[in-house]
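Working through the structure, step by step
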Amino acid sequence: MKIIDSIQNKLIVKMGFKYYDEDKYLIQKCIKCSNKKDPSVLDVGCGTGHHSLLFEKYGAKVTAFDYDESAIEKAKENRIKNNSSVTFLVADGRYPEKYFTEKYDIIFMAGFSIFGIDLNKPIMTKYLSMLAEGGILVLVHNSNLTGLVRKTNWKNHTIEDLRSFFESVGSNIEKIYFYDRHITIKILRRFAITGLSTKIHILISKITKFPCAIVFIVSKSKNGN
């Protein structure tokens, strides 16, 4: 197991969290799940704006932020290159109430580092409270499902851990997907965000211990606080 962990760590450090054009299928799925033609989106921990720009491309009105000032500067450069109107700003994801007062149809979190180790209930509760009626929150978390912490200080949360966490903060789990952008044949990536792909990738991850992306799509429970 230590040899596998070492190989994984080297690959993750070398490859990092790369972006792909095929991420558009994930974004299209999010918009479809929101049931809104032109949803309002809050992209949490947006980095250089890759997902933000894709959301806008498919009709969303997007506000995006990151704690990293250099990432936001790059995002603003990408906004100019793409003739975009996405609002990018620097903000601390622990305190969204300091920066945002409106409600959103989609709150999107891909690799949000605050939940990399600790599934913090008070912080997630804040974001759920920012959902508009009928809105969804999407958490994308990279994991090999072992529950162990990597050398990169990122925890491989299990699906059971995430399910229990979302249920504990008063949310309904609408969909769970599990996919990978490295090993999926390019021509099949449009089918990645499906139930069949999820079953296949869970099996692959359990056998190889190589991390893939877990996608949790949740809504706020009517009984949630």
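Residues numbered from 1 in each chain as written. Predicted model: local features only at pLDDT ≥ 70, side-chain atom pairs only at ≥ 80, totals over all residues. Heavy atoms only, no water.

1. A short note on the nonpolar core
- Core analysis: the biggest nonpolar cluster contains 31 residues, and Ile107, Met109, Tyr127 and Leu137 have the highest contact counts within it.
- When sequence neighbours within four positions are dropped, the list of residues in contact with tyrosine 127 reads Leu42, Val44, Phe65, Gly93, Pro96, Ile107, Met109, Phe112 and Leu137.
- Counting 27 residues, the second largest nonpolar core, distinct from the first, contains Val41, Phe55, Val138 and Val140. (Core = buried A, V, L, I, M, F, W, Y, C linked by side-chain atoms within 4.5 Å. Buried < 20%, exposed > 50% of the residue type's maximum accessible area, 1.4 Å probe, protein only. Contact = heavy atoms within 4.5 Å.)

2. Observations concerning the sheet that holds strand β2 (residues 61-66)
- The sheet built from seven strands is open, its strands ordered β3-β2-β1-β4-β5-β7-β6 with mixed pairing. The open sheet terminates on both sides in strands that have one partner only, identified here as β3 (87-90) and β6 (171-179). Neighbour-to-neighbour, the strand axes of this sheet turn through a mean angle of 15 degrees, independent of strand direction. (Pairing = 2+ DSSP bridges. Helix = DSSP H or I, 4+ residues; strand = E, 2+ residues; numbered from the N terminus. Axes fitted to C-alpha atoms, helices over the stretch in contact; angles between N-to-C directions.)

3. Let's talk about the side chain of asparagine 156
- Mapped onto the secondary structure, asparagine 156 falls in the loop between β5 (131-143) and α6 (159-168).
- By relative accessible area, which is 3% here, asparagine 156 ends up buried.
- In this structure the side chain of asparagine 156 is engaged in a polar contact, spanning 2.9 Å, whose partner is the side chain of arginine 150.
- Contact partners of asparagine 156, with chain neighbours within four places excluded, come to Asn142, Ser143, Asn144, Leu145, Thr146, Gly147, Leu148 and Arg150. (Polar contact = N/O pair within 3.5 Å; in protein donor to acceptor, adjacent residues only side chain to side chain.)

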